[in-house]
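# Architecture and fold: a report
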Amino acid sequence: MEENRTDRDQVKQEFMLQLLDSYFLFRRPLPESGFFQENKTTQQIMQELAPMMAIPTENIVEYMLAHDYSTTTGEDGSVCWAIWRRLTKMD
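To keep things clear, this report deals only with the structure shown in the data block.

Calculation criteria
- Residues numbered from 1 in each chain as written.
- Predicted model: local features only at pLDDT ≥ 70, side-chain atom pairs only at ≥ 80, totals over all residues.
- Heavy atoms only, no water.
- Core = buried A, V, L, I, M, F, W, Y, C linked by side-chain atoms within 4.5 Å.
- Buried < 20%, exposed > 50% of the residue type's maximum accessible area, 1.4 Å probe, protein only.
- Helix = DSSP H or I, 4+ residues; strand = E, 2+ residues; numbered from the N terminus.
- Polar contact = N/O pair within 3.5 Å; in protein donor to acceptor, adjacent residues only side chain to side chain.
- Contact = heavy atoms within 4.5 Å.

Nonpolar side chains tend toward joint burial in soluble globular proteins. Leu20, Phe24, Ile45, Leu49, Ile55, Met64 and Ile83 are the most contacted members of the largest nonpolar core, which totals 15 residues. Sorting the residues of this core by element identifies helix 1 (2–23), helix 2 (42–49) and helix 3 (57–66) as the ones contributing at least two each.

Moving on, we come to the side chain of Arg27. Looking at the element boundaries, Arg27 is found in strand 1 (residues 27–28). Its relative accessible area of 9% is what places Arg27 among the buried residues. A polar atom in the side chain of Arg27 sits 3.2 Å from the side chain of Glu38. Ignoring any residue separated from it by four or fewer positions in sequence, one finds Arg27 in contact with Glu38, Lys40, Glu48, Tyr69, Ile83, Trp84 and Arg85.

Taken by themselves, the reported measurements are silent on function.
This is the structure:
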């Protein structure tokens, strides 16, 4: 029974990473040519991913920090992640 739980946890972890990798495929932690700034809070990212999987806050924060994303101040003064996004597929 314990092995079955471990297998499910592993599958869940792998899917979470696949989902985050897909979400950030056309997003970068630093400005690049052809990208525009699209700052988001952790909560906004969670809400956008929720139809596929509920990902806890700490997992998103760990992913963002591991991929060199940093925080910035939004136009309204709130703290958010500094994200640069490309609208079209990369060559």
